[in-house]
Amino acid sequence: MLYTQNIFNDYLNRNIFRVFLLTSTGMLFFLLFSRSIQLFEKAAADLLDPLVALKILVLRIPDFLTFIIPISFFVSLLVNLGSLYRNNGYLIFFSAGKSNTYLFRTILGQGALILFCLLSLGLLVAPISKPLAESLYVNQGIEHRLELLSSNRIHNINQSSKFTFQSRGSQHNSFKGVTFFSIQDSGALIISSEEMTTAIKNKKLYLDFRKGSILIDSFDSQSSISFDKHTTHLNLEEELSLAPSFRKILDSDDQLGFSQEQWNYSFILLFLNLFLFAFAFSQTRPRESNNQKFVLAGLLFLIYLTFLIAYRNSYTESSNALLYLALWPIHAGFSALGLLILFKSSILRNLNIFNNPISKFIIYISMAFLFLWLISAVIYSLSIWYELASST
């Protein structure tokens, strides 16, 4: 019997790891595919070097994996444990006096190893690689655009600022005979200078003007100031893309980085909670279809992720930082829900969403919209790549 149990343990862990690996690979490809649409769209418009776009994708892989690993392990446990209960495979160790605790310990070793990989990526690798990717995206993208600028033409810096120049200086970031103008709600600002040099720091474009004048034209007055040296900076705004994006899921708008840092930590708690949900939703009776539980588990995960994103984005400088450590209030609430479902299995057994025509209609419509979204993403990306290939 011990030999049979060892065979069963190896078989179960091997299947769990196989499905986990396949799911992780598929999701990683999909995220890279989604992000590459945006990057190569800019490359096709000659706003970014294609080689830089590839480097950015490689640097974002650790960050993508911290998001993918918990979901992939959750899917793998749902598939394998659901099949185990449905096909009476659990009788192998239940007949030997084993319990669900033994089944939990059987998977715990592999789960601990995957959790260690998640910790390494989320706490050590991703916090380094992601800022490098963002810096490369901003710096190389702007530098590439500056190198392509032509003289005696008006060029946009952002939505409110433009400039023109007569000739290039001795360095690649130097321009001569510059006229810079910016339009604000209070009026217009015009800077004329003999030379302008540019520098990029912390997602800001610094403009250093030498020997010129500043004309301030407001609605009720006008003034002019001469200078030998003047420096100003502009925020580098990311241009909008028509491509489908997961930016709101993977990235935070918090410029201080605190909420993004806690977002990375929260994936550890997400992994543990999804481990709990997998056991709660996989328990089915013999020959009982587990399609309904898969749908419910997927819906619960989407609700879980939505709450996490909303709570992360609610952080401000005046917020209590203790309440946002790893976003623990949201995880605590869903942990309680997972324990309730696990120990009160009758809750799921008495809930049959496919017998309700309204809920069935909503699920099918949602799946149809998701399918159309994926098809549009594929068509759009193929058109972008074709344009890029035609221009090179």
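See above for the structure.
Keep in mind that what you see is a predicted model, and the values were worked out from it rather than measured.

## Observations regarding the pairing of strand β4 (residues 174-184)
Part 1 of the reasoning: In terms of strand pairing, strand β2 (residues 161-164) meets β4 through four bridges, oriented antiparallel. In the strand pairing of β4, Lys162 is matched with Phe181.
Part 2 of the reasoning: In this sheet, β4 lies alongside strand β3 (residues 167-168) in antiparallel orientation, the contact comprising two bridges. Its bridge partner being in β4, Arg168 is matched across the sheet by Phe175.
Part 3 of the reasoning: Once β3 ends, the chain turns through five residues before running back antiparallel as β4.
Part 4 of the reasoning: Pairing geometry for β4 and strand β5 (residues 187-201), over ten bridges, is antiparallel. Bridged to Thr179 within β5 is Ser192.

## Quick notes on the nonpolar core
Part 1 of the reasoning: Residues Phe73, Ile107 and Phe281 are the most contacted members of the largest nonpolar core, which totals 81 residues.
Part 2 of the reasoning: Per-element tally for this core: the top contributor is helix α2 (residues 50-86), with 15 residues.
Part 3 of the reasoning: For Phe73, the contacting residues outside a window of four places in its chain are Ile16, Phe20, Ile107, Gly111, Ile114, Phe271 and Phe275.

## Things to note about helix α6 (residues 258-282)
Part 1 of the reasoning: Helix length check: α6, at 25 residues, gives a terminal C-alpha distance of 36 Å against a target of 36 Å (1.5 Å per residue), a fit within 8%.
Part 2 of the reasoning: Largest kink in α6: about 25°, centred on Tyr265.
Part 3 of the reasoning: Here α6 lies mainly inside the structure; 21 of its 25 residues are buried.

## Examining the pattern of salt bridges
Part 1 of the reasoning: Per the stated rule, a full pass over the model turns up two salt bridges.
Part 2 of the reasoning: With a closest N to O distance of 4.0 Å, Glu195 and Lys176 form a salt bridge. Placement of the pair is Glu195 in strand β5 and Lys176 in strand β4, with a sequence separation of 19 residues.

Scoring rules and cut-offs
Residues numbered from 1 in each chain as written. Predicted model: local features only at pLDDT ≥ 70, side-chain atom pairs only at ≥ 80, totals over all residues. Heavy atoms only, no water. Pairing = 2+ DSSP bridges. Helix = DSSP H or I, 4+ residues; strand = E, 2+ residues; numbered from the N terminus. Core = buried A, V, L, I, M, F, W, Y, C linked by side-chain atoms within 4.5 Å. Buried < 20%, exposed > 50% of the residue type's maximum accessible area, 1.4 Å probe, protein only. Contact = heavy atoms within 4.5 Å. Expected span 1.5 Å × (residues − 1). Bend = angle between axes of the 7 residues up to and from the residue. Salt bridge = Lys/Arg side-chain N within 4 Å of Asp/Glu carboxyl O.

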